[in-house]
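# Architecture and fold: a report
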Amino acid sequence: STKAFTSQLVAGATWSHKYSDEDSFTLGAEYFYNSLGYDRSTVYPFLLLGAPRLDGTQQDPAAYRSLYLGRHYAAASLTVPRPGSWNDLTVDLTTLANLSDRSWLTRLDCAVLALTYLTVEAWAGVHYGQRGGELRLALPTDLANLVEAAYGASTYPTGAPVVDVGVALRMAL
């Protein structure tokens, strides 16, 4: 058997700034190159559905690997822990981009220490950029109709996500 080598590269940087005696923020940026990734999103539905390969063999069900589909990724973040007199709050603003398919996700996370052992987290994310890209995934309507005809009900989204919201409780035991 022949072993193939692949290349992946990650480069990142952070910078923190103290803007008062007790307060600071951190900016971060990161780039990820994945030689196994795709340059276009047109193949994503087939990876997601496990479509057969051209040689007739069944597609690997793990072929759709989120955050490894694109060839080029970038991320930027801003973290503000304990701003001002709000010493139990942490705020994170993060943007992730699949530069290969031009899809983006920006998310705002807030975490509040409610009790010594309980943290309440809330977030909202916005998906934008190329419809059908990894971070704004949607099957083309004609492909979703084909899946529904072949397998019964389709469970794959045809509408691209726009906003995600959520709340979580985290306990430290």
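Our structure's up above, just so we're on the same page.
Below: a short report on this structure. (Residues numbered from 1 in each chain as written. Predicted model: local features only at pLDDT ≥ 70, side-chain atom pairs only at ≥ 80, totals over all residues. Heavy atoms only, no water.)

## Overview of the overall build of the protein
Inclusion rule: For the purposes of this entry, the term helix denotes a DSSP run of H or I that reaches at least four residues, the term strand denotes a run of E that reaches at least two, and both are numbered from the N terminus. Only protein chains enter the accessibility calculation, which uses a 1.4 Å probe; a residue is then buried when its area is under 20% of its type maximum, exposed when over 50%, and partly exposed in between. Residues are treated as being in contact if the distance between any of their heavy atoms lies within 4.5 Å.
Helices and strands together make up the secondary structure of the protein, namely two helices and seven strands. N-terminal to C-terminal, the α/β element order of the protein is β-β-α-β-β-β-β-α-β. Per-residue burial over the protein gives 28% buried out of 173 residues. If you take every contact in the protein between residues at least 6 apart in sequence, the share linking residues at least 24 apart comes to 53%.

## With respect to the sheet that holds strand 6 (residues 118-129)
Here is the rule: If DSSP finds at least two bridges between two strands, the strands pair. Lines fitted to C-alpha atoms define the axes, with helix axes restricted to the stretch in contact, and inter-axis angles between N-to-C directions lie between 0 and 180 degrees.
The strand order across the open sheet formed by seven strands is 1-2-3-4-5-6-7, and the pairing between neighbours is antiparallel. The open sheet terminates on both sides in strands that have one partner only, identified here as strand 1 (8-18) and strand 7 (163-171). With strand direction ignored, the average angle separating the axes of adjacent strands in the sheet is 15 degrees.

## Some points on the packing of aromatic side chains
Quick note on the threshold: A pair of Phe, Tyr and Trp rings is counted when the ring centres sit within 6.5 Å of each other, with Trp represented by its six-membered ring. The angle between the planes then sorts it: under 30 degrees is stacked, over 60 is edge-to-face, the rest tilted. A ring has a charge above it when a Lys NZ or an Arg CZ is no more than 6 Å from the ring centre and no more than 35 degrees off the ring normal.
Considering all chains together, one arrives at five aromatic pairs under this definition. When the ring of tryptophan 15 is compared with that of phenylalanine 25, the centres are 5.9 Å apart and the planes differ by 70 degrees; the resulting orientation is edge-to-face. Here tryptophan 15 is found in strand 1, whereas its partner phenylalanine 25 is found in strand 2 (residues 24-34), with ten residues between them in sequence. Between phenylalanine 32 and tyrosine 68 the ring centres are 5.8 Å apart and the planes differ by 85 degrees, which places this aromatic pair in the edge-to-face class. Of this pair, phenylalanine 32 sits in strand 2 while tyrosine 68 sits in the loop between helix 1 (44-49) and strand 3 (72-81); the two residues are 36 residues apart in sequence, bridging distant segments of the chain. Joined through ring pairs, the aromatic side chains of Trp15, Tyr19 and Phe25 make up one cluster. The residue whose ring lies beneath arginine 65 is tyrosine 68, and the NZ or CZ to ring-centre distance is 5.0 Å.

## With respect to the layout of surface pockets
For clarity, the threshold we go by: Site definitions follow a grid-based scheme: protein atoms alone, a 1 Å grid, a 1.4 Å probe that fits but cannot get out for cavities, and for pockets an open set with protein on both sides within 12 Å along at least five of seven lines, plus lining residues having an atom within 4 Å of a point. Grid points are joined across faces, edges and corners, and a volume is the space filled by probe spheres set on the points.
Of the voids in this model, the second largest pocket is the one considered here, and its volume is about 170 Å³. Every residue along the wall of the second largest pocket is listed here: Glu30, Tyr31, Phe32, Leu67, Tyr73, Ala74, Ala75 and Leu96. Counting only elements with at least two residues in the lining of the second largest pocket, the list comes to strand 2 and strand 3.

## Structural notes on unusual backbone geometry
Although it is not a glycine, leucine 67 sits at a positive phi angle of roughly 65 degrees. Checked against the element boundaries, leucine 67 lands in the loop between helix 1 and strand 3. The exposure class assigned to leucine 67 is partly exposed, which follows from its relative accessible area of 41%. In the Ramachandran plot, arginine 82 falls in the positive-phi region, its phi being about 50 degrees despite a non-glycine side chain. Mapped onto the elements of the fold, arginine 82 is located in the loop between strand 3 and strand 4 (89-98).

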